[in-house]
Amino acid sequence: MCGIIGYVGSENALPIIVKGLKKLEYRGYDSAGIALFGAAGFDVVKQKGTLSALEERLAGSTLSSFMGIGHTRWATHGEPSDINSHPHVGSKGRIAVVHNGIIENYRQLRERLTKRGIDFVSQTDSEVIPQLAEYYYDGDMLDTVVKVTNALGGSYALGFMCVDEPGTLIAVKKDNPLIIGVSEHGNFIASDVPAVLRHTNKVYYLDDAEIAVLTKDGVRFYNQDKDPVTKTPETVTWSVDSAEKGGWPHFMLKEIMEQPKIMRDTIRAAAEQAYLPNPGAAAGGLDVANFDKLVITACGSAYNAGVVAKYVFERLCRIPVEVELASEFRYKDPIVDERTLVILVSQSGETADTIAAMREAKSKGAVTLSIVNVVGSTISKEADHCLMTLAGPEIAVATTKAFSAQLVVLYTLAVGFAVRLGKLTPEQGQGMLEEIESLPEKTETILEQVDAIQKYASECIVYKSIFFIGRNIDYAIAMEGSLKLKEISYIHSEAYAGGELKHGTISLVEENTLVVAIGGCERLHGKIMSNIEQVISRGAKVLFIGNSREDDMGGKLSFVAIPKVNELFSPSLSVIVLQLFSYYVAANKGLDIDKPRNLAKSVTVE
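Attention in this report is confined to the structure presented alongside it. (Residues numbered from 1 in each chain as written. Predicted model: local features only at pLDDT ≥ 70, side-chain atom pairs only at ≥ 80, totals over all residues. Heavy atoms only, no water.)

Some points on the side chain of S404
Convention followed: Only DSSP runs of H or I covering at least 4 residues are called helices, and only runs of E covering at least 2 are called strands; the numbering of each starts at the N terminus. Exposed residues in this analysis have more than 50% of their type's maximum accessible area, buried residues have under 20%, and partly exposed residues fall in between, with area computed by a 1.4 Å probe over protein chains only. Pairing of N or O atoms within 3.5 Å defines a polar contact, subject to two protein rules: one partner must be a possible hydrogen donor and the other a possible acceptor, and residues neighboring in sequence count only if both atoms are side-chain atoms. By definition in these notes, contact holds between two residues if any of their heavy atoms fall within 4.5 Å.
Relative to the assigned elements, S404 resides in helix 13 (residues 401–420). Residue class for S404 comes out buried when judged on its relative accessible area of 1%. At a separation of 2.6 Å, a polar atom in the side chain of S404 contacts the side chain of Q259. Setting aside chain neighbours within four positions, we find S404 in contact with Q259, M263, V575, I576 and Q579.

Some points on the sheet that holds strand 24 (residues 541–546)
Put simply, the rule reads: Two strands qualify as a pair provided that DSSP identifies no fewer than 2 bridges between them. Every angle, taken between N-to-C directions, lies between 0 and 180 degrees, and every axis is a line fitted to C-alpha atoms, over only the stretch in contact when it is a helix.
The 5 strands are arranged 22-21-23-24-25 in an open sheet whose pairing can be described as parallel. This sheet does not close on itself; its edge strands, each paired only once, are strand 22 (492–497) and strand 25 (557–561). Sheet twist, expressed as the mean angle between neighbouring strand axes with direction ignored, is 20°. In this structure, strand 23 (residues 514–519) lies alongside strand 24, joined through 6 bridges in parallel fashion. If you follow V515 over to strand 24, its bridge partner there is V542. Strands strand 21 (465–470), strand 23, strand 24 and strand 25 of the sheet are contacted by helix 18 (residues 525–536), whose axis makes an angle of about 165° with strand 24.

A word on the packing of aromatic side chains
The condition is simple: Pairing of aromatic rings covers Phe, Tyr and the six-membered ring of Trp, with a centre-to-centre limit of 6.5 Å; geometry is then stacked below 30 degrees between planes, edge-to-face above 60, and tilted otherwise. A ring has a charge above it when a Lys NZ or an Arg CZ is no more than 6 Å from the ring centre and no more than 35 degrees off the ring normal.
For the coordinates displayed, the defined rule picks out 11 aromatic pairs. Counting every residue linked through ring pairs, the aromatic cluster contains F37, F42 and F66. The cationic tip of R597 hangs over the ring face of Y490; the distance from NZ or CZ to the ring centre is 3.9 Å.

Quick word on helix 18
In plain terms, the rule: One less than the residue count of a helix, multiplied by 1.5 Å, gives the span that helix is expected to have. Throughout, the arc means that of the directions going from the helix axis to the C-beta atoms.
The terminal C-alpha atoms of helix 18 lie 16 Å apart, and with 12 residues this matches the ideal 16 Å at 1.5 Å per residue to within 8%. When we look at burial in helix 18, the residues that qualify are I528, M529, N531, I532, V535 and I536. The arc that holds the buried residues of helix 18, viewed along the axis, is 155°, so those residues lie on one side. Where helix 18 is buried, its residues touch strand 21, strand 23, strand 24 and strand 25.

Considerations on the environment of P87
Assignment of secondary structure puts P87 in the loop between strand 4 (67–73) and strand 5 (88–89). Here P87 falls in the buried class, since its relative accessible area comes to 1%. Sequence-wise, P87 and I355 are 268 residues apart; in three dimensions their C-alpha atoms are separated by 27 Å.

Examining helix 16 (residues 450–458)
Within helix 16, burial applies to V450, I453, Y456 and A457. End-on, the buried residues of helix 16 take up no more than an arc of 130°, which puts them together on one face. Of the residues in helix 16, the exposed ones pointing more than 90 degrees away from the buried face are D451, A452 and K455. Against helix 6 (251–257), helix 15 (439–447), strand 23, strand 24, strand 25 and helix 19 (571–588) lie the buried residues of helix 16.

Considering empty space enclosed by the protein
Threshold: Using only the protein atoms, space was sampled on a 1 Å grid; points where a 1.4 Å probe fits but cannot get out form cavities, open sets with protein on both sides within 12 Å along at least five of seven lines form pockets, and lining residues are those with an atom within 4 Å of a point. Grid points are joined across faces, edges and corners, and a volume is the space filled by probe spheres set on the points. Each residue gets one label: Ala, Val, Leu, Ile, Met, Phe, Trp, Tyr, Cys and Pro are nonpolar, Asp, Glu, Lys and Arg are charged, and the others, such as Gly, are polar.
What the rule picks out here adds up to 2 cavities of 30 Å³ or more. The wall of the largest cavity is formed by 25 residues, among which S191, D192, S348, E350 and V374 lie closest to the centre. A breakdown of the residues in the lining of the largest cavity according to their chemical character gives 11 nonpolar, 7 polar and 7 charged. Considered as a void within the structure, the second largest cavity measures approximately 60 Å³ in volume. Taken together, C2, R73, W74, T76, H77, H86, H99, G101, T124, D125 and S126 form the lining of the second largest cavity. For the lining of the second largest cavity, the per-class residue count stands at 2 nonpolar, 7 polar and 2 charged.

Structural notes on the sheet that holds strand 3 (residues 41–48)
If you trace the 8 strands from one edge of the open sheet to the other, you get 3-2-4-1-10-9-11-15, paired in antiparallel fashion. Because the sheet does not close on itself, it has two edges, and the strands there are strand 3 and strand 15 (234–235). As defined by bridge partners, strand 2 (residues 31–38) adjoins strand 3 across 8 bridges and the pair is classed as antiparallel. By the bridge assignment, L36 is partnered in strand 3 with D43. The sheet contacts of helix 1 (residues 13–24) involve strand 1 (3–9), strand 2, strand 4 and strand 10 (186–190), and relative to strand 1 the element is tilted by about 155°. Contacts from helix 2 (residues 51–58) reach strand 2 and strand 3, with the element oriented near 130° to strand 3.

Digging into the nonpolar core
What tends to happen in soluble globular proteins is that the nonpolar side chains get buried as a cluster. Keep this limit in mind: By nonpolar core is meant a set of buried Ala, Val, Leu, Ile, Met, Phe, Trp, Tyr and Cys residues that side-chain atoms within 4.5 Å join together.
Counting residues in each nonpolar core, the largest one holds 127 residues, and the members touching the most others are F313, L316, I343, F569 and F581. Among the elements that make up this core, the one with the highest residue count is helix 13 (14 residues). Setting aside its immediate chain neighbours within four residues, L316 contacts A414, V415, A418, K423, L424, M432 and L568.

A short note on the side chain of S493
For S493, the location among the structural elements is in strand 22. Within polar-contact distance, the side chain of S493 engages the backbone oxygen of S482 at 2.8 Å. When sequence neighbours within four positions are dropped, the list of residues in contact with S493 reads I466, F468, S482, L485 and K486.

Observations regarding the pairing of strand 18 (residues 340–346)
In summary, the side chains of a regular strand alternate between the two faces of the sheet. Going by this rule: Seen with its strands pointing away from the viewer, a crossover is right-handed if its path from the first strand over the helix to the second goes clockwise.
Most of strand 18 sits out of view: 7 of its 7 residues are buried. As defined by bridge partners, strand 16 (residues 293–298) adjoins strand 18 across 5 bridges and the pair is classed as parallel. In the sheet register, V295 faces strand 18, and the bridge partner there is V342. Once you follow strand 18 into helix 11 (residues 352–363) and on to strand 19 (residues 367–372), the crossover reads as right-handed.

Function cannot be read off these values alone, since they describe shape.
As structure tokens, then:
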């Protein structure tokens, strides 16, 4: 989950690398470092802490070079420290490396190299890479990279520099994202597009085991046999401004406010891909009639989107749907076959557990459909079918707009499938689609209530634990509300199906406990109100998110209104309130909202 960047070209690499790292800091912020190609070897500066600490060390620096690499770290092996920071340099000082991923056989490699008299200075798994490279190096860096990667077990995205090959930057990847950017003044490696977007929108997406050799004049690609590979660059459609904060206090708030637009864009694209003109024929002819069941697998918020989707698919399509955590799916010997459609949901398209789940499903004969936000990502390329969300770059670690985009794609797909299966008439399907198309405008009316939500959130920073409850599909979105709050505010929270309170959880409710209740499911309104009365009678205060106003129950019940919509699509409105509530609780606590502790954006390691 670390971020790496490299540059070789005609401009000074130092400011390019530092600014690129700023765009990657959401991937890790325990420490950061750079290595520049210098006249007498590598100039290396590494610093524990956020990138700002490294910038302070570099302030006033006269360092300059035409080539360099940089890294921002999310620690796996070895505590955050200057020594454990990247880039790592071999003991001979000849080869420098940045690494994102985990080397699973590093202990064996380290022991082997130590026996050969090589001294290690860090606790990291990554240091074995430059040490091994120096051990193998015999004057051909491309050959050395092949030998190194053949010896490594695990996952990696790597950038190499060698003092004996000035002007050459080499990159390779396996199970971790790495792009190659090309511009008029030089060429780049990076973990993600925003790091290079200010310089170029022309990028290559490396496939596993492909090697890129960059110079200031161009890029060459090779396979593991050192045979040349021909690749075609992609044109990134994201604007530079989409990856900038643009005057907002945090990326998260900016991205919350962008949701009406990205929902409109994604709904339009989803309807074209998954619904019209051939209902149910998604992504190049996928026919739901060929399947006995659907399995949705994902991690984190994407998993929560899958839980919401389970209710929608089952209600509309009358087909069994299982939702599995990708980290569990890959190890449970899942019961899937050629009559199973496995839907993979991932913002980055590089989530390690979801990639593994996809490959497990494919190995058992299942058909795979991915819903991702990044063109050229591993999941988008390897899945049998792919639907794209149009959320643009999401910088805040806690997802908001990408989650909303995933929901509307899943809704639209479910409607298309239901029409194909004959569970909805085309006219009914069109009516459902119009309900989905109304969501952006209704979202805008919720965003107009931001002041009231902010005021209520400011009173909630004293709570040590908060409960979220809902019935049916509202329970599914309660899970996302709970996750969002704990991610960025560090307040313990749990989500429960309202009917389960009396089976144990209500014992935790006491005087002034806060319960957030979601009531978008109108047919179960009486049920959730009964749950609300049960917790209020035990001293709780309740924030009710719904489309019908209730008596304030003696000052114990506060209310945030959401517009009326078909209950199957109401999570898209409830979640806006939940996002804003979580954001303002964290903001009132003065926390670093975009970079919550211990978390990183794209989980590319197991």
